[in-house]
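Spelled out from the first residue to the last, the chains are:
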Amino acid sequence: MLFTSRKAHQVDKFIAELPFDPEPRRLIGIVHDVSSFSEFGNLDATLHQSMSHGVDIWINNAAVSDSYTNFHEHTPEGIQRIIQTNLTGSILSTRLALDVIKRKSSSKPGHIFNVVGAGSNSMPTPMFAIYGCTKAAIKQFVETVRQEIRSSKTPGIGMHIISPGMMPTDLLVQNATKDQLRFFNILCEEPDTVAEYIYKEIMRVVQKNDLRTDIKYMTVPRIMYHLLTSHTRANRFFNVDK
C-alpha cells in the first residue's frame, strides 16, 4: 500500500497510529501535494519503483475547507487553495491513476474511488460554498469519465464515488453553532464505523469486478433510523446542553 500526505509529520503520524506493524516495503508513505502538478512526476516514479505490478485500488481523499463563513468573506487565496486541493487535486490524481492502471501487467481490473461530501447531492452548502462546489464538481467529473471509459470500451477500469456521510471532524464542526452541533450529534457517525463499512464495500466491489457501483454510507434508511433514535444520540459527540 502506498499513501500520500502534504506534510511529513502526517505521514509519520499515520504509520504510528496503525493497529499493526507494517511489513517492510509493504507500506510506503510519501510527502505529496495533490494540488501541485509538478509533484505528480515524483509520485509516478515512486509507483514505478515500488509497485511495478500495478495498482488495483486507488482512492482520492484529499480535501480542505476554510472556516465556517459566508462566501464573500473568503479570500482569493483561500478560494484557490480549496479548488486546487479538492477539485484540481482529484482530477490530476485520477489522470495519473488511469495511466497507472493501464500499465498493469495483469488483466485484473483497477478501481479508482473519489471521495465526495456535502454538496455532491447538488444541495446548497451555506457557509461552505467553495467546498460544496468542489464536491459537486467531483461527482459530475467521475460520472463523465466513467461514461467516457464505457464509450471507448477501455477494459478493466472502474470509476466510483465514495460518500462517507457526516463524521465529527474539525473540517465539519469549526465555528458551528449549538443548533448545528445538536444536528451533527444526530447524523454524525464514528469514523471507525464508517471506515469499516466502506472497506467492506470496496472489497465487495473489487471482488465482483464491478466497474460502476458507488458507495454511500448515509443512505435514506440510515438517516431515518438516526432521526427516529435521535433521543439516544443527544450530546453523543458534542455536549451542547451543559
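For clarity, every value in this text was computed on a predicted model and none was experimentally measured.

### Here's the deal with the packing of helix α3 (residues 76-102) against helix α4 (residues 129-152)
Thinking step 1. Between α3 and α4, the shortest axis-to-axis distance is 9 Å and the interhelical angle comes to 15°. With respect to their mutual orientation, α3 and α4 come out roughly parallel. Our pair here, α3 against α4, has a crossing hand that is right-handed. Of the residues in α4, those touching α3 at Ile79, Ile82, Ile83, Asn86, Leu87, Ser90, Ile91, Thr94 and Leu98 are Ile130, Tyr131, Thr134, Ala137, Ile138, Phe141, Val145 and Ile149.
Thinking step 2. The class makeup of the residues in the contact of α3 with α4 is 13 nonpolar, four polar and no charged.

### Examining the nonpolar core
Thinking step 1. Formed by 26 residues in total, the largest nonpolar core has its most connected members in Leu43, Leu47, Trp58, Leu96 and Ile112.
Thinking step 2. Where this core is concerned, the elements lending two or more residues are α2 (40-50), α3, α4 and β5 (157-163).
Thinking step 3. Per element, the largest residue contribution to this core is seven residues, and it comes from α3.
Thinking step 4. Those residues in contact with Leu96 that sit more than four places away from it in its chain are Phe40, Leu43, Asp44, Leu47 and Trp58.
Thinking step 5. Of all hydrophobic cores here, the second largest spans twelve residues; its members include Val115, Met167, Val205 and Ile215.

### Description of the side chain of Asn86
Thinking step 1. Its location among the elements puts Asn86 in helix α3.
Thinking step 2. Exposure remark for Asn86: the relative accessible area of 0% places this residue in the buried category.
Thinking step 3. Here Thr134 takes part through its side chain, which lies 3.3 Å from a polar atom of the side chain of Asn86.
Thinking step 4. Contacts of Asn86, omitting those with residues within four sequence positions, involve Ala62, Ala63, Val64, Tyr131, Thr134 and Ile138.

Rules and cut-offs
- Residues numbered from 1 in each chain as written.
- Predicted model: local features only at pLDDT ≥ 70, side-chain atom pairs only at ≥ 80, totals over all residues.
- Heavy atoms only, no water.
- Axes fitted to C-alpha atoms, helices over the stretch in contact; angles between N-to-C directions.
- Helix = DSSP H or I, 4+ residues; strand = E, 2+ residues; numbered from the N terminus.
- Parallel < 35°, antiparallel > 145°, perpendicular 65-115°, else oblique.
- Left-handed = near helix turned anticlockwise from the far one by under 90°.
- Contact = heavy atoms within 4.5 Å.
- Nonpolar A, V, L, I, M, F, W, Y, C, P; charged D, E, K, R; others polar.
- Core = buried A, V, L, I, M, F, W, Y, C linked by side-chain atoms within 4.5 Å.
- Buried < 20%, exposed > 50% of the residue type's maximum accessible area, 1.4 Å probe, protein only.
- Polar contact = N/O pair within 3.5 Å; in protein donor to acceptor, adjacent residues only side chain to side chain.

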